[in-house]
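Breakdown of the fold
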Protein chains: 2
Amino acid sequence: MTFREIFERFASRYLPGNQSDAALLRYQSLARAIEAKPDSPVRLDENCDHLAFVCCGATKLVAHASGGREQIVAFHFPDELVVVPARAEHAYTLSSVKGSELLVFDYQELLDLARNDPLVLRMLLDCSRKSLIRCRNKSLALGRKTAAERVASFLAGMAVRIGMPEDDCVFLDLPMSRRDIADSLGLTVETISRQITQLRSLDIVSTVGKSGVRIDDLRGLEARAGYLIASG
Amino acid sequence: MTFREIFERFASRYLPGNQSDAALLRYQSLARAIEAKPDSPVRLDENCDHLAFVCCGATKLVAHASGGREQIVAFHFPDELVVVPARAEHAYTLSSVKGSELLVFDYQELLDLARNDPLVLRMLLDCSRKSLIRCRNKSLALGRKTAAERVASFLAGMAVRIGMPEDDCVFLDLPMSRRDIADSLGLTVETISRQITQLRSLDIVSTVGKSGVRIDDLRGLEARAGYLIASG
DNA sequence: CGGCGGCCTTGATCGAAATCAAGGCAGACC
DNA sequence: GGTCTGCCTTGATTTCGATCAAGGCCGCCG
């Protein structure tokens, strides 16, 4: 894809339709297109925040702690926005999970340009609010849920975000590896594997190759996800 | 404190100074003051998001999972804003940790009123970005850090937020109980207690009564916090 | 003053997930 | 077709923090 195509996709989705050509050009001049290869972190200036638009593929936002430990803090899919924070006590890197095309902005520059544009500000606010809710749900899972519940809520969440309805079930083509799932759920690959095996033996999911997961019993999956239902 | 006083404190901190009296009144008409007693959740309509301004005291935002399990997702101190999400797969409640005075808005109503006010929107965006960063750091801690590291980073974080410098150390008067700390760090009270005991025996902190913690060796504390330093 | 009731601390044991250690499987390349 | 390599699965053992079970401390109130 060309830079123009990527930028246009971003603009049509996230910039208000009434922008003048000049305004669009100003946004365009702040953007940088990046083609990200699987698992290699996107090189960004660590001293400032960035905003990335995922045009195609899938990305992971990774938080780094001492000793090389990594926690995936969020996955992002096409047409979504990610805020990548500057380095502080911890470093954050954005990586592709499967090969992606991204459009990257310096967050502050973008905000300065949009400083008086309520539509753009509301869009940013909305994206930030959604990320915050996802992150809080993840904190709950990491802090208080069992391995079985984490895997179930992960799959149920993916079903909503990238599931393809099929007969009376949902098919998932997971772009991320078992290792990525483990790093996202605060578990190990072995535990992920065992949990998926167990879901299979309960006829809740079936697997197709390494990346295909068909959710045969979404209710059953949600029932193991630790969600609050009625009296919870 | 009277409603007026609380609202004025909020307005002076978060509403741009150039607002007309009429505009201020519109904001004021959306606000509700609430006096929150320790540990009893603030009653809010679960069907919509809310924004709360903590005027005094300290609050916790609690996420609820099945089986009565709770995870504290964020603490908030005076002059801070919290977004309390509507109920979905999980419920979120805001409680006081020590007795607080709050100003509460329906988030959507507030956003509608501020829809064309870039200054207010930027303020909301900024508050949302800060919460997101804290929440991501918490996810990293919950997913990948040991009990010792979680307690150390908790104390180091509190030192920044509510610490009182004193000689060459920092004094903390923790408003929350051990149980709250445990629910925030995804651990148990017993583990918190043991970790603090260990920090005491390493001369990194000393404790004064139940709520007082003096950080005698901030470097030492940070060194155990799992932060990324240089080569990490 | 004494006894009561919350928290907090400490110790002993248990258990869920990590770690260690083999295989198994499938796509890539010769 | 073979074999190589990376990812995934399965099994055996270990470990960190949870759980279970006593006490200790302190403020509160009679």
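Since this is a predicted model, take the numbers as computed values, not measurements.

1. Comments concerning the domain arrangement of chain A
All names here are of chain A.
- What the domain assignment lists for chain A is domain 1 (3–142) and domain 2 (146–223).
- Relative placement of domain 1 and domain 2: their C-alpha centres are 26 Å apart.
- Each side of the interface is counted separately: domain 1 has 15 residues, and domain 2 has 13 residues.
- With both chains or domains summed, domain 1 and domain 2 bury close to 1,200 Å², and 54% of this area falls on carbon and sulfur atoms.
- On inspection of domain 1 and its partner domain 2, the count reaches 2 salt bridges.
- A salt bridge links Glu80 to Arg161; the nearest nitrogen and oxygen atoms lie 2.8 Å apart.
- For the pair domain 1 and domain 2, the number of links is 9 residue pairs in polar contact (both at pLDDT 80 or more).

2. Regarding the nonpolar core
- Among the nonpolar cores identified, the biggest contains 50 residues, and A:Phe10 and B:Phe10 are the most heavily contacted of them.
- For A:Phe10, the residues in contact, after removing those within four places along its chain, are A:Leu15, A:Phe53, A:Leu81, A:Leu103 and A:Phe105.
- Counting 33 residues, the second largest nonpolar core, distinct from the first, contains B:Ala159, B:Leu185, B:Leu187 and B:Ile215.

3. Quick notes on the sheet that holds strand E6 (residues 91–96) of chain B
Residues and elements named next belong to chain B.
- Pairing is antiparallel across the open sheet formed by 3 strands, whose spatial order is E4-E3-E6. A strand with exactly one partner marks an edge of an open sheet, and here the two such strands are strand E4 (70–76) and E6. Shown here is a sheet whose adjacent strand axes are inclined to one another by a mean of 25°, direction ignored.

4. So, the pattern of salt bridges
All names here are of chain A.
- Scanning all chains against the criterion turns up 28 salt bridges over all chains.
- Note that Arg9 is salt-bridged to Asp79, the shortest N-O span being 2.9 Å. With Arg9 in helix H1 (residues 3–14) and Asp79 in the loop between strand E4 (70–76) and strand E5 (81–84), the pair connects residues that are 70 residues apart, well separated along the chain.
- Classification of Asp79 by relative accessible area gives buried; the value is 16%.

5. Description of the protein's contact with DNA strand D
- A:Arg194, A:Thr197, B:Ala147, B:Thr191 and B:Arg194 are the nearest of the 17 residues found near DNA strand D.
- B:Thr188 is positioned with one of its side-chain polar atoms (N or O) 3.0 Å from a phosphate oxygen of DNA strand D.
- Between DNA strand D and B:Glu190 there is a distance of 3.1 Å, counted from a base nitrogen to a side-chain nitrogen or oxygen.
- For the surface near DNA strand D, the elements supplying multiple residues, two or more each, are helix H6 (178–185) and helix H7 (189–201) of chain A together with helix H7 (189–201) of chain B.
- Looking at which element gives the most residues to the surface near DNA strand D, the answer is H7(A), with 5 residues.
- A per-class count over the surface near DNA strand D returns 2 nonpolar, 7 polar and 8 charged.

6. Concerning the packing of helix H1 (residues 3–14) of chain B against helix H2 (residues 21–30) of chain B
Residues and elements named next belong to chain B.
- At a minimum axis distance of 11 Å, the contact between H1 and H2 shows a crossing angle of 115°. Crossing of H1 over H2 shows right-handed handedness. Contact with H1, carried on its side by Phe3, Arg4, Phe7 and Ala11, involves Leu24, Tyr27 and Gln28 of H2 and no other residues of that element.
- Its residues assigned to classes, the contact of H1 with H2 shows 5 nonpolar, 1 polar and 1 charged.

7. Some details on the relation of the copies chain A and chain B
- Taken as rigid bodies, chain A and chain B are interconverted by a rotation of 180° and an axial shift of 0.0 Å, the fit giving an RMSD of 0.0 Å. Taken together, these values place the two copies in the relation of a two-fold axis.
- Taken as a fraction of all interface residues of chain A, those also at the interface in chain B reach 100%, which identifies the copy contact as same-surface.

8. Some words on the packing of aromatic side chains
- Tallying each qualifying case throughout the model produces 14 aromatic pairs over all chains.
- Considering the side-chain rings of A:Phe10 and A:Phe105, the 5.0 Å spacing of their centres and the 45° angle between planes classify their relative orientation as tilted. Residue A:Phe10 is located in helix H1, and its partner A:Phe105 is located in strand E7 (residues 100–106); the two are separated by 95 residues in the primary sequence.
- Judged by its relative accessible area of 1%, A:Phe10 falls in the buried class.
- Classification of A:Phe105 by relative accessible area gives buried; the value is 1%.
- Ring geometry for B:Phe7 and B:Phe10: centres 6.0 Å apart, planes at 50°, overall tilted. Taken together, the residues B:Phe7 and B:Phe10, both in helix H1 and 3 residues apart, mark about one turn of the helix. The pair formed by B:Phe7 and B:Phe10 is uniform in burial state, with each residue classed as buried.
- Linked through ring pairs, A:Phe3, A:Phe7, A:Phe10, A:Tyr14, A:Phe53 and A:Phe105 together constitute an aromatic cluster.

Rules of the game
- Residues numbered from 1 in each chain as written.
- Chains lettered and ligands numbered in written order.
- Predicted model: local features only at pLDDT ≥ 70, side-chain atom pairs only at ≥ 80, totals over all residues.
- Heavy atoms only, no water.
- Domains from an automatic or database assignment.
- Contact = heavy atoms within 4.5 Å.
- Buried area = accessible area lost by both parts, 1.4 Å probe.
- Salt bridge = Lys/Arg side-chain N within 4 Å of Asp/Glu carboxyl O.
- Polar contact = N/O pair within 3.5 Å; in protein donor to acceptor, adjacent residues only side chain to side chain.
- Core = buried A, V, L, I, M, F, W, Y, C linked by side-chain atoms within 4.5 Å.
- Buried < 20%, exposed > 50% of the residue type's maximum accessible area, 1.4 Å probe, protein only.
- Pairing = 2+ DSSP bridges.
- Helix = DSSP H or I, 4+ residues; strand = E, 2+ residues; numbered from the N terminus.
- Axes fitted to C-alpha atoms, helices over the stretch in contact; angles between N-to-C directions.
- Near = heavy atom within 4 Å.
- Nonpolar A, V, L, I, M, F, W, Y, C, P; charged D, E, K, R; others polar.
- Left-handed = near helix turned anticlockwise from the far one by under 90°.
- Least-squares fit on C-alpha atoms with pLDDT ≥ 70 in both.
- Phe/Tyr/Trp six-rings, centres within 6.5 Å; stacked < 30°, edge-to-face > 60°.

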